[in-house]
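Take a look at the letters that make up each chain.
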Amino acid sequence: MKLIDLRSDTVTQPTPAMREAMAQAELGDDVFGEDPTVNRLEALAAERLGKEAALFVASGTMGNLVALLTHCGRGDEIIIGRDQHIFTSEAGGVAALGGIHPHVIPNEPDGTLRLKDIRAAIRVEDVHHPRTRLIVLENTHLRASGAPLAPDYLQAVRKVANEHGLKLHMDGARIFNAAIALGVPVVDLARDSDTVQFCLSKGLSAPVGSLLAGSEQFIAEGRRQRKMLGGGMRQAGVLAAAGIVALETMVERLAEDHANARYLAENLANLPRIDLDPQRIRTNMVFFGLKGNGLTAQELASRVKRERVLIQPRGPYHLRAAMHYGIERSDVDHALNAIKKCLA
Ligand code: TLP
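Residues numbered from 1 in each chain as written. Predicted model: local features only at pLDDT ≥ 70, side-chain atom pairs only at ≥ 80, totals over all residues. Heavy atoms only, no water.

A. Spatial organisation of unusual backbone geometry. Residue N139 is joined to T140 through a cis peptide bond whose omega torsion reads 0°. For T140, the location among the structural elements is in the loop between β5 (131-138) and α7 (151-163). A positive phi is found at A91, a non-glycine position, where the angle reads about 60°. Mapped onto the secondary structure, A91 falls in the loop between α4 (85-88) and α5 (93-98). On the basis of relative accessible area, A91 is assigned to the exposed category, the value being 79%. One non-glycine residue, S145, lies in the positive phi region at around 55°. By secondary structure assignment, the location of S145 is in the loop between β5 and α7. (Helix = DSSP H or I, 4+ residues; strand = E, 2+ residues; numbered from the N terminus. Buried < 20%, exposed > 50% of the residue type's maximum accessible area, 1.4 Å probe, protein only.)

Here it is, written out as structure tokens:
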């Protein structure tokens, strides 16, 4: 019987079309800039995001790190939300490798940073202070149940950045989910950020890789930073080939994942021991809490595993179920029944 793995959308397997494209990919040495497939993916990604250039990197973490190392020098400060992946889940790389100082402010329940909190965090020139360089947003915002950040909010943050001569980076790991959920072109979500990182290896189902997009000049410098981090990949076209298929064929189908997430959330919310507001579920992530009988997230995850369903504990009483390619409505029904049974 099929294992229904809802721990993350990172577990997706490449599609048959991706495997075929990988097998056929034309290759060269990408450190020399000679891999035609990587070059094609980078051009396609830049075009989709409305940026001048893009850089293929090994992971979302590497894309964010290259961006921040390129934007900031040692001792510079970034303004970032305390629930953003770069701050919580990238092994402190910006501090360890970049000497970058995170100025952490709260994320609102919808994943945004309040403009007044951003303004208050910006340093005035003073010999005692680090220098504020960059504001960092995350779209969709994972820990806010995958909430999409809308273009009017992004414009408002850009305005604050402009008033203070700051740059803006978006961790857009799931920016295509945001665009589909909001019904806007992805360029409308990328426009106000100087740089955007997005992942191929999440809902878009490619096996490996992310893109960092920005100006020509920024990406040329980012290429040096990527090399320094050991991320110069040679015949990387075998991976990029899957990324091209991802961008060309896997974006529109994200709507199915969003519909499945809403369906799961609405049904889970009817269960007495589940703490969940289905209105908050707008993309592919279903975060929910347990209440009532002391059952822990770990215990529930272990019990549903026996029913061949994997969900991810995210704290003592909180879990995540992520929808993605390969998960059909019938799988969601199976997962729902398994959770119901294990809560009883
Ligand atoms: N997120 C992973 C885990 O690390 C939590 C997941 O399972 O959701 N930005 C955001 C918003 C992310 O959610 C992730 C990965 C990354 C960056 C990093 O991407 P990778 O895993 O490719 O380094």
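B. Just the site of the ligand, in detail. Surrounding the ligand, one finds 15 residues, the nearest of these being S8, T61, H85, D171 and R320. In this structure, T61 approaches the ligand through a side-chain N or O atom, which is 2.6 Å from an oxygen atom. Between the ligand and the protein, one listed contact pairs an oxygen atom with a side-chain N or O atom of R174 at 2.9 Å. Here the element with the most residues in the shell around the ligand is helix α3 (residues 60-71); it accounts for 3 residues. Here the shell around the ligand is built from residues that sort into 2 nonpolar, 7 polar and 6 charged. (Near = heavy atom within 4 Å. Polar contact = N/O pair within 3.5 Å; in protein donor to acceptor, adjacent residues only side chain to side chain. Nonpolar A, V, L, I, M, F, W, Y, C, P; charged D, E, K, R; others polar.)

C. Representation of the packing of aromatic side chains within the structure. Following the criterion strictly, the structure yields 1 aromatic pair and no others. Seen in terms of ring centroids, F176 and F198 are 5.1 Å apart; in terms of plane orientation they differ by 80°. Their pairing is edge-to-face. On the criterion of sequence distance, the pair formed by F176 in helix α8 (residues 175-182) and F198 in strand β7 (residues 195-199) is long-range, its members being 22 residues apart. With respect to burial, F176 and F198 carry one shared label: buried. A cation over a ring is seen here: R329 above Y263, with NZ or CZ 4.0 Å from the ring centre. (Phe/Tyr/Trp six-rings, centres within 6.5 Å; stacked < 30°, edge-to-face > 60°. Lys NZ or Arg CZ within 6 Å of the ring centre and 35° of its normal.)

D. Spotlight on the domain arrangement of the chain. As far as domains go, the chain holds domain 1 (12-249) and domain 2 (253-343). Inter-centroid distance (C-alpha atoms) of domain 1 to domain 2 is 28 Å. Taken together, the contact between domain 1 and domain 2 spans 21 residues of the former and 15 residues of the latter. Carbon and sulfur atoms supply 57% of the area that domain 1 and domain 2 bury against each other, a total of about 1,600 Å² over both sides. Looking at the side of domain 1 facing domain 2, the largest losses of area belong to L142, S145 and N177, adding up to 33% of the total buried there. Counting the contacts that link domain 1 with domain 2 gives 3 residue pairs in polar contact (both at pLDDT 80 or more). Among the elements that take part in the side of domain 1 that touches domain 2, α8 stands out by supplying 5 residues, more than any other. (Domains from an automatic or database assignment. Contact = heavy atoms within 4.5 Å. Buried area = accessible area lost by both parts, 1.4 Å probe.)

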